[in-house]
Amino acid sequence: MKWDEFFVTGEPMIYGAMASIVLATIAIIVGLTYFKKWGYLWREWLTTVDHKRIGVMYILSALIMLFRGGVDAIMMRLQTAVPENKFLDSQHYNEIFTTHGLIMILFMAMPFIIGIMNVVVPLQIGARDVAFPRLNAISFWLFFAGAMLLNLSFVIGGSPDAGWSAYFPLASIEFSPTVGNNYYSLALQISGIGTLLTGINFIVTILKMRAPGMKLMRMPMFTWSSLITSVIIAFAFPVLTVALALMMFDRLFGSQFFTMANGGMDMLWANLFWVWGHPEVYIVVLPAFGIFSEIISTFSKKNLYGYTSMVVSMVVISLLSFLVWAHHFYTMGQGAMVNGFFSITTMAISVPTGVKIFNWLFTMRKGKITFTTPMLYSLAFIPIFTIGGVTGVMLAMASADYQYHNTMFLVAHFHYVLIPGTVFAVIAGFHYWFPKVFGFKLNERLGKHAFWWIAVSFNVTFFPLFFLGLQGMTRRMYTYSEETGFGPLNLLSFAGALGLAFGFVILVYNIYYSIRYSPRETNGDPWDARTLEWATSSPIPAYNFAITPNVKARDALWSAKYDNLPIFEGKIEPIHLPSNSGKPVILGAIFFAFGFALVFSWWIPAIISGIGILIILASMSFDRDHGITVSVKEIMETEKKLRGETL
Amino acid sequence: MKIDATKPLEYGSEENSNKIFGFWIFLGAEIALFSTLFTVYFVLVNRYATGPNGSEIFELTGVLVETFLLLTSSFTIGLAIHSMRLGLKKPMMIFFTLTLLMGLGFLGIEIMEFFTYVHEGASLSTSAFTSSLFILLGTHGAHVAFGLLWGTSILIQVKRQGFTLATANKSFIFSLYWHFLDVVWIFIFSFVYLKGLM
Amino acid sequence: MMKQLFPIRHVMGYLSSLILSALAVTALLDIPFAAKMAILTVTAIIQASLQLFVFMHISETADTKKELYLNIAYALFVGLVTIFGSMYIFVWGWYS
């Protein structure tokens, strides 16, 4: 391989990206050295096994990836803003829509959700940590290694360019000879393993680590949704693992799974991809439903309407989500009976989703609603998501789908589902639980400004796409002629995208502003909330709860505050905590090297790092970790300090 | 660490029983993984293009020996756990070693079988059928190979430390893994080899 | 001592698994296709259950027994849906 093939060359923007990556890296290294923060970073963050810190690292990574994916999005909208635009060439456009999809789904939405799960779920069930804290750290570092590997593809070797669904035969070595799709198979594989481990970890945590009295039907709705999501993760991600492995074998070792000759079947890839891909949609949307349930209930000052039906509908969704995948390829060539079957299951899944919408509406009925920033996102979610859901039912009709399959109508539909469904939810959750983690609220005035920019601009960006799709504009076309008449609506959509970007700038500025000026909380419960995570102080001590809570009702804290059912009755006892470990981050780094070597078919480095992985795993198996014990005296001191009392 | 004396040592602490439970979930995920590999195999089994099909390359004798070895090793790992529950360290280690040796034998025969296939003109890149065959058998074989490394490291720990909360737990989890590989093999035996030879 | 090391339950389980494997081989005899598939399916399912109940002790942990069964049931649901759904799409239901 020549060096000019190794680095991506010939594009001024890519040179700019390279320069900024190098400069940012230097700035981080210099900054850390100058402020003598290396030790702090290693001790407090890189080696941590604390679920709250791991959650914060997930969310921070997700915010950075949101920025990266957002820049991709702006570039796509800019390129299509006017007919026959020359801003991007077709290859560059292909790479950008591919990485936009991958990053937003797998490296933004997933880690944001998993980050919030990490922070909130152990607190909501009254646990000290997740069931396997060190495995949790491994999960995070595998996700991070995968995310960095995919981002590196932008400047080294070239990004994947066959769409986020990477359909064969386009993604085969024959039609995509660059290393781009090798990055796809390896980056997703590495982070996917991390996600699978997270799923298992959270199933065990939620089923086995609940505080006394926290029966399954007393769990907060976000914990319920996390449980169901973890179950879907545990059983859907193995399918992705296999699909990606087969892709890797096809591209690196000459197997014939998805090829056009020797009996290979290119459509089998689409099949396997969506067997995982459709449950994946519910993996990112169910926890979001959980977040909205918590927020709507808190700010309506009412308990959640139809708790049992919420749970049942999530269980039904999780089962149905494995029965609908063929609706992603109605036009592939399977018979009418097959399409009919999958059409019916797809429409069926809108029933439990509809049940949830009505439950949220009834929760607010006659409630004392306060319009905080998280509540505004939740309120905007309901009508916008309903538009996404209704257009989804339109797409579910197989015969009608032939008309708008793979048009901008589809693009508009899934943005109308995923942005209010997931992005609004994680932003709302971010605002809602921010004071829990950091001890102060985000500024409400700036938060509401950002909300209005984001909510209005979202509709300006994506509503026109429905009409463009019905007029026949297909997705993923990098430019179009003036005669098509697509110009004006695309320009409007670009204006909306700018507004969205501005909204996100306000959001980020709000974080900076609030760190500087926001008043500090001394009470752990700034929203007058209902669930257990608000019963401990903010910021949260390492051991979460000084006394193991004893749960007596569904909204445990609310009942403690207003129904005289106290949660903390025991006395303080010494607490056992797991000790930090550097091995997860090292494992992540070796996995990164392993993936990178395989991308370029460098066999010797790949074998060396493969052996390295086995050595780290073996050394973990031989480790004797006895953890640390926090004494009663230390707990008392920490508790006093957190309550703002002087010692 | 609180030890619950009413339960076998491998379930003796909360952490231990969490690990066993978590491993069961992992096995559930493995069921989904092997099901996907079977899906690929079943869809592609008749797409052998110009290469050989199953009945032309499968040899019943080798497969029967592999099956016998794996079934017997599943029996011995069960006996190893039984001895462990009786607190008998030496029999446990003998049964455990026998298990690993039979796993090694299985793997040796499988590798020889792969060489024969390639020799007969059925390599990974011959056809969609051979690709799916190799990936299904190979994934199972890789699990066995990983099991050998893992099992050896557990055996060393049992020898050094005897039966503790940690080693008993690991040995039990390893036995679950090994039995599971046997279950997968039964389906390979029936629906790949026997069905292919039909 | 031998009785202690070789409990009857395990020995019977082992012998049945050998017999079931031998039974499965009878699918190679000259009998109708449906009968062959029936033999393979039935013996494989019994063998798998044997491993699950006799050797893996799935039913011995009282506190998580229900969860373990649910776990296996869910995994089988996903696995079977994937296998038969894909066969439905590509083999039985393919437009021709």
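- Under the annotation held in an unreviewed UniProt entry, chain B carries the name Cytochrome o ubiquinol oxidase subunit III and is attributed to Paenibacillus glacialis.
- Check the Subcellular location (unreviewed entry) section of the UniProt entry for chain B; it says "Cell membrane".
- Its UniProt record gives chain B a comment under Sequence similarities (unreviewed entry), which states: "Belongs to the cytochrome c oxidase subunit 3 family."

**Thoughts on the UniProt feature "transmembrane region" (unreviewed entry) in chain B**
All names here are of chain B.
- In the numbering used here, UniProt assigns the "transmembrane region" (unreviewed entry) feature to residues 21-45, 57-81, 93-112, 132-156 and 176-194.
- Across residues 21-45 one finds 96% helix and 0% strand; the C-alpha atoms that close the span lie 36 Å apart.
- Helix and strand shares over residues 93-112 are 100% and 0% respectively, and the end C-alpha atoms of the span are 29 Å apart.

**Quick word on the interface of chain B and chain C**
- On the chain C side, the residues contacting the 45 residues of chain B number 45 residues.
- Counting each side, the surface lost to burial between chain B and chain C is near 4,000 Å², with a carbon and sulfur contribution of 80%.
- Summed over the three residues of chain B that lose the most area to chain C, namely Trp24, Phe75 and Met198 of chain B, the buried surface amounts to 18% of that side.
- Run the count over chain B and chain C and you get 0 salt bridges.
- At the boundary of chain B and chain C, one finds 6 residue pairs in polar contact (both at pLDDT 80 or more).
- Elements with a minimum of two residues in the side of chain B that touches chain C: helix 1 (14-44), helix 3 (60-85), helix 4 (89-119) and helix 6 (165-197) of chain B.

**Description of the domain arrangement of chain C**
- Under the domain assignment, chain C is made up of domain 1 (1-56) and domain 2 (61-96).
- Here the C-alpha centre of domain 2 of chain C lies 22 Å away from the C-alpha centre of domain 1 of chain C.

**Points about the side chain of Ser73 of chain B**
Residues and elements named next belong to chain B.
- By the secondary structure assignment, Ser73 is in helix 3.
- Using a relative accessible area of 0% as the deciding quantity, one classes Ser73 as buried.
- Engagement of the side chain of Ser73 in a polar contact is seen with the side chain of Trp178, the distance being 2.8 Å.
- Not counting chain neighbours up to four residues away, the residues in contact with Ser73 comprise Thr99, Met102 and Trp178.

**Quick notes on the interface of chain A and chain B**
- Counting residues at the interface gives 32 residues for chain A and 36 residues for chain B.
- On the chain A side of the interface with chain B, the three residues burying the most area are Lys208, Phe257 and Phe622 of chain A, jointly 18% of the side's total.
- Our count for the contact surface shared by chain A and chain B stands at 8 residue pairs in polar contact (both at pLDDT 80 or more).
- Those elements giving two or more residues to the side of chain A that touches chain B turn out to be helix 7 (180-208), helix 8 (221-252), helix 9 (266-300) and helix 19 (603-622) of chain A.
- Per element, the largest residue contribution to the side of chain A that touches chain B is 8 residues, and it comes from helix 8 of chain A.
- Of the residues in the side of chain A that touches chain B, the class split is 22 nonpolar, 8 polar and 2 charged.

**What about the confidence of the model for chain B?**
- Averaged over every residue, the pLDDT of chain B is 93; residues scoring 70 or more account for 98%.
- When mean pLDDT is taken per element in chain B, helix 4 of chain B scores highest with 96 and helix 2 (residues 54-57) of chain B scores lowest with 90.

**Structural notes on the nonpolar core**
- Grouped together as the largest cluster of nonpolar side chains are 301 residues, with contacts concentrated most on Trp269 and Trp360 of chain A together with Trp24 of chain B.
- Here the element with the most residues in this core is helix 8 of chain A; it accounts for 21 residues.
- Leave out the neighbours within four places in its chain, and Trp269 of chain A touches Ser165, Ala166, Tyr167, Phe168, Tyr184, Ala243, Leu244, Met247 and Phe258 of chain A.

**Side note on the environment of Ser609 of chain A**
Residue and element names in this part refer to chain A.
- Inspection of the secondary structure puts Ser609 in helix 19.
- In this structure Ser609 comes out as buried when scored by relative accessible area, which is 9%.
- Each C-alpha atom, one on Ser609 and one on Tyr184, is 19 Å from the other, the two residues being 425 residues apart in sequence.
- Setting aside residues no more than four positions away along its own chain, Ser609 makes contact with Ile590, Ala593 and Phe594.
- Looking at Ser609, its side chain comes within polar contact range of the main-chain oxygen of Pro605, at 2.7 Å.

**Structural notes on the environment of Val144 of chain B**
All names here are of chain B.
- Here Val144 shows up in helix 5 (residues 128-161).
- According to the relative accessible area criterion, Val144 is buried, its value standing at 0%.
- Sequence-distant contacts of Val144, that is, excluding residues within four places in its chain, are made with Gly103, Phe106, Leu107, Trp178 and Leu181.

**Some points on the pattern of salt bridges**
All names here are of chain A.
- Enumeration over the complete set of coordinates arrives at 14 salt bridges over all chains.
- For Arg134, the salt bridge is made with Asp623, and the minimal N-O distance between the two is 3.1 Å. Of this pair, Arg134 sits in helix 6 (residues 133-152) while Asp623 is found in the loop between helix 19 and strand 2 (628-630), placing the two residues 489 residues apart along the sequence.
- Of the residues examined, Arg134 reaches a relative accessible area of 22% and is grouped as partly exposed.
- On the accessibility criterion, Asp623 (26% relative accessible area) is partly exposed.

**Section: the packing of helix 4 (residues 51-79) of chain A against helix 14 (residues 408-438) of chain A**
Residue and element names in this part refer to chain A.
- Relative orientation of the contacting elements helix 4 and helix 14 amounts to 145 degrees, with a least axis distance of 13 Å. Read as a crossing pair, helix 4 and helix 14 show a hand that is left-handed. Along its contact with helix 4, which presents Val56, Ile59, Leu63 and Arg77, the element helix 14 presents Met408, Phe430, Val437 and Phe438.
- Its residues assigned to classes, the contact of helix 4 with helix 14 shows 7 nonpolar, no polar and 1 charged.

**Some points on the packing of aromatic side chains**
Residues and elements named next belong to chain A.
- Counting across every chain of the model gives 96 aromatic pairs over all chains.
- Judged by centre distance (5.0 Å) and plane angle (65 degrees), the rings of Tyr432 and Trp433 are edge-to-face.
- Tyr432 gets classed as buried once you look at its relative accessible area, which sits at 0%.
- With a relative accessible area of 4%, Trp433 lands in the buried category.

Calculation criteria
- Residues numbered from 1 in each chain as written.
- Chains lettered and ligands numbered in written order.
- Predicted model: local features only at pLDDT ≥ 70, side-chain atom pairs only at ≥ 80, totals over all residues.
- Heavy atoms only, no water.
- UniProt positions renumbered as here; feature names shortened; annotations may be inferred.
- Helix = DSSP H or I, 4+ residues; strand = E, 2+ residues; numbered from the N terminus.
- Contact = heavy atoms within 4.5 Å.
- Buried area = accessible area lost by both parts, 1.4 Å probe.
- Salt bridge = Lys/Arg side-chain N within 4 Å of Asp/Glu carboxyl O.
- Polar contact = N/O pair within 3.5 Å; in protein donor to acceptor, adjacent residues only side chain to side chain.
- Domains from an automatic or database assignment.
- Buried < 20%, exposed > 50% of the residue type's maximum accessible area, 1.4 Å probe, protein only.
- Nonpolar A, V, L, I, M, F, W, Y, C, P; charged D, E, K, R; others polar.
- pLDDT = per-residue confidence, 0-100.
- Core = buried A, V, L, I, M, F, W, Y, C linked by side-chain atoms within 4.5 Å.
- Axes fitted to C-alpha atoms, helices over the stretch in contact; angles between N-to-C directions.
- Left-handed = near helix turned anticlockwise from the far one by under 90°.
- Phe/Tyr/Trp six-rings, centres within 6.5 Å; stacked < 30°, edge-to-face > 60°.

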